[in-house]
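Commentary on secondary and tertiary structure
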Amino acid sequence: MRLPSSVLVSVSLFTAETTAALYLSSTYRSAGDQIWQCFTLLFTLVPSVLVQLTLIFIHRDLSRDRPLVLLLHILQLGPIIRCLDAFCIYGSAGKVEEPYVTITRKKQIPREGQTEEVEQEVGQAEGKLVTHRAAFARTSVIQAFLGSAPQLTLQLYICVLQRGVSIGRGTLMVISLLSIVYGALRCNILAIKIRYDDYEVSVRPLAYLCVFLWRGFEIATRVTVLVLFSSVLKVWVLPVVSVNFVLFFLRPWVLFWSSRSPFPENIEKTLTRVGTTIVLCMLTFLYAGINVFCWSAVQLRLDDPDLIDKGQAWRRVAVYYSLRFVENTGLTLMWQLFSSSPAQGFGECCGSLCLLRGTLSQPGSIRTKPEGKDIGDDPPCVTKGDIGQSLCGTV
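Residues numbered from 1 in each chain as written. Predicted model: local features only at pLDDT ≥ 70, side-chain atom pairs only at ≥ 80, totals over all residues. Heavy atoms only, no water.

A closer look at the packing of helix α1 (residues 5–31) against helix α6 (residues 167–195)
In plain terms, the rule: Every angle, taken between N-to-C directions, lies between 0 and 180 degrees, and every axis is a line fitted to C-alpha atoms, over only the stretch in contact when it is a helix. The numbering of helices and of strands both runs from the N terminus, where a helix is a DSSP run of H or I of at least 4 residues and a strand a run of E of at least 2. Roughly parallel here means an angle under 35 degrees, roughly antiparallel means over 145, roughly perpendicular means 65 to 115, and every remaining angle is called oblique. Two helices crossing with the near one rotated counterclockwise from the far one by less than a right angle form a left-handed crossing, whereas a clockwise rotation gives a right-handed crossing. In this analysis, two residues are considered to be in contact whenever any of their non-hydrogen atoms come within 4.5 Å of each other. The classification used treats Ala, Val, Leu, Ile, Met, Phe, Trp, Tyr, Cys and Pro as nonpolar, Asp, Glu, Lys and Arg as charged, and all other residues, Gly among them, as polar.
Packing of α1 against α6 leaves a shortest axis separation of 9 Å and a crossing angle of 150°. Between α1 and α6, the interaxial angle falls into the category roughly antiparallel. Crossing geometry of α1 relative to α6 is assigned as left-handed. Here α1 contributes S6, V9, S10, L13, A16, E17, A20, A21, Y23, L24 and Y28 to the contact with α6, which in turn contributes G168, R169, L172, I175, S176, L178, S179, Y182 and R186. Here the contact of α1 with α6 is built from residues that sort into 12 nonpolar, five polar and three charged.

Shown next as structure tokens:
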């Protein structure tokens, strides 16, 4: 039986990000920045509530007499009690005889054209741990793309506006980036396991590292482009992100309506048609949030009994990254067009990410106006050396 390390990682990231966000919101309140405080709390509480609902739904707590667990979920402490439950199950495994076991059959990855089917006995304790791992894998994705990704974009935007990175804001940004990349990593692993559901799949550490680096660079690029664009066109960033989100949200429904398939009834036996619709809307909501920042890896198909397209879909991958490249290039060109000086703007944005204190550029990097001249007579002059100093920053 494997140690539930993925559960511990998910809870650690969730707890650290929530704590850092609450501390940062208190600093915004002390400084009188009520708008930043509200947005920081919004991107913290909304995913937290969705995480609690997901854990309750997967573990079927509403049909059980567990008032203490439900109370802890209401207090947003559900992940912590679930983590303790998982480690208690792991610690007591083998000490008590299992009342029954489940026989599972999995195929090994074909080697030299031969496929062997292996039977495994899964005890009750191990089955509960599998449920915990599956639940926290899904909550990691929710936390990453409905909370951490907007939070990172917001805090990076505030850094560009204020031309500095405080300790609290920098800590929250680092934790949010780790949470996003980890959520994207879990999404990739889920896609692999869904695609090869009949096989016993084991992912090597090198594969984890490759996916981690790929997702990290992909998401960092996307967030940086959005922040640069919003730094000069504050009004237009909301329509751009909203159009992205709405298109990805409606795409599974349009494909479902065009296929004329019957309404999915196998989501949960106890759910009514209204409850099933709410679950599917939340699923497409998460799907849209993932695709705004990176490739979702798992393709949602409402007309499929499994709700997931198990095909490789290399064509969709190529189309997605082509459109994303065109969009990011267009946003970057618009930022360069509307910023007062493209070189200076890039130096200021990058320099603000490197600074922990002090001003953005070195003294003398921007030429000052002589007395008696109106502002705007002469554009600021930035040399190559000054740009290099802005990129490195001063600590």
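Points about the side chain of S140
Put simply, the rule is: Burial status follows relative accessibility: with a 1.4 Å probe on protein chains alone, a residue under 20% of its type maximum counts as buried, one over 50% as exposed, and anything between as partly exposed. We call two N or O atoms a polar contact when they sit within 3.5 Å, provided that within protein one can donate a hydrogen and the other can accept it, with sequence-adjacent residues counted only if both atoms are side-chain atoms.
Topologically, S140 is positioned in helix α5 (residues 124–162). By relative accessible area, S140 is classed as buried at 6%. Within polar-contact distance, the side chain of S140 engages the side chain of S10 at 2.7 Å. For S140, the side chain forms a polar contact with the main-chain oxygen of F136, separated by 2.8 Å. Ignoring sequence-local partners within four residues, the contact set of S140 consists of S10, Y182, G183 and R186.

Observations regarding a nonpolar patch on the surface
Inclusion rule: Residues forming no salt bridge and having over 30% relative accessible area are the ones grouped into patches, like charges within 9 Å of each other and nonpolar side chains (Val, Leu, Ile, Met, Phe, Trp, Tyr) within 5 Å. Method for areas: the Shrake-Rupley scheme with a 1.4 Å probe, in which residue coverage is limited to the protein chains shown. Salt bridge, as used here: a side-chain nitrogen of Lys or Arg that lies within 4 Å of a carboxyl oxygen of Asp or Glu.
On the surface, L68, L71, I74, L75, L77, I80 and L84 cluster together into a nonpolar patch covering about 670 Å² of accessible area. Every element with two or more residues in the nonpolar patch is listed here: α3 (67–74) and α4 (78–92). Top element by residues in the nonpolar patch is α3. It accounts for three residues. Along the chain, L77 falls in the loop between α3 and α4. Judged by its relative accessible area of 36%, L77 is partly exposed.

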